[in-house]
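Single-letter residue listing:
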Amino acid sequence: MERVLKTLGLAVTAAVGLGGLGLTAWNHAHTQELAARRPFLERQMALCFEASRLAAQLATSPAAETRAAAGARFEELYWGELAIVEDAAVEQAMVAFRAAWTAGKDPSSLRVPALTVAHRCRDLVLSSWDIDLGPLPSARR
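Cut-offs used in this document
- Residues numbered from 1 in each chain as written.
- Predicted model: local features only at pLDDT ≥ 70, side-chain atom pairs only at ≥ 80, totals over all residues.
- Heavy atoms only, no water.
- Salt bridge = Lys/Arg side-chain N within 4 Å of Asp/Glu carboxyl O.
- Helix = DSSP H or I, 4+ residues; strand = E, 2+ residues; numbered from the N terminus.
- Buried < 20%, exposed > 50% of the residue type's maximum accessible area, 1.4 Å probe, protein only.
- Expected span 1.5 Å × (residues − 1).
- Axes fitted to C-alpha atoms, helices over the stretch in contact; angles between N-to-C directions.
- Left-handed = near helix turned anticlockwise from the far one by under 90°.
- Contact = heavy atoms within 4.5 Å.
- Nonpolar A, V, L, I, M, F, W, Y, C, P; charged D, E, K, R; others polar.
- Core = buried A, V, L, I, M, F, W, Y, C linked by side-chain atoms within 4.5 Å.

**Some remarks on the pattern of salt bridges**
Considering all chains together, one arrives at eight salt bridges under this definition. One salt bridge connects R43 with E81, and the closest N-O pair in it is separated by 2.3 Å. Within this pair, whereas R43 is found in helix α1 (residues 2-60), its partner E81 is found in helix α3 (residues 81-85), the two being separated by 38 residues in sequence. Judged by relative accessible area, E81 falls into the partly exposed class, the value being 26%.

The following block contains the structure:
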C-alpha cells in the first residue's frame, strides 16, 4: 500500500509538472502570436480611426476646404489601405457612406452613415484586440 501511494504521489507530481510546462508553452505561443499580429492590428486601428475621422469631417465640417481634403483622403482609404485591413461590416459601412456622400446630399444627412462607419470600425478593432466593452446604446441621432 505504501508503495502504491508513493507511486501515485510521483505520478501526480509529474502530471502537475507537465501541466505547468504545457501551460507555459501555450502562454508563450499565445504571446508570440500576439507579437506577430501587433503591427497589423495597430495599422488596422489607425486606419479605422482615420476613416472614422474623415467621415465625421465630411458630415460635419462647415469649411469647404476641410471637406475637400477629407474627401480626397477618404477616397484613398476607400480604394486602398483600408481595404487591406477591413472586415465585411466596415466595408459595407464605407460603401454606404461613400454612396451617400457622392450623391451630393446635404452634409448633415451623412451624420448617421458616419456614425455607422465609426461603430463598425469600433466593433472590428475591439474584436481584433479581443476587448469586450459591450454594445453602444445608440443614443446619438
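**Thoughts on helix α5 (residues 111-128)**
In a regular helix each residue adds 1.5 Å, so 18 residues correspond to 26 Å; α5 covers 26 Å between its end C-alpha atoms and thus fits that length. Within the sequence span of α5, burial applies to P113, A114, V117, H119, C121, L124, V125, L126 and S128. At the exit of α5 stands D130, carrying a positive phi of roughly 60 degrees.

**What to know about the packing of helix α2 (residues 64-79) against helix α4 (residues 88-102)**
Between α2 and α4, the least distance of the axes is 11 Å, while the angle of their chain directions is 145 degrees. Viewed along their axes, α2 and α4 form a crossing whose handedness is left-handed. Contacts between α2 and α4 involve G71, F74, E75, Y78 and W79 from the former and M94, V95, F97, R98 and W101 from the latter. Of the residues in the contact of α2 with α4, the class split is seven nonpolar, one polar and two charged.

**Brief notes about the nonpolar core**
Judged by nonpolar contacts, the single largest core of 26 residues is most densely connected at F74, L82, M94 and F97. At the level of secondary structure, the elements contributing two or more residues to this core comprise α1, α2, α3, α4 and α5. Per-element tally for this core: the top contributor is α1, with eight residues. In this structure F97 touches A55, L58, F74, L110, P113, A114 and V117, once residues within four positions along its chain are discounted.

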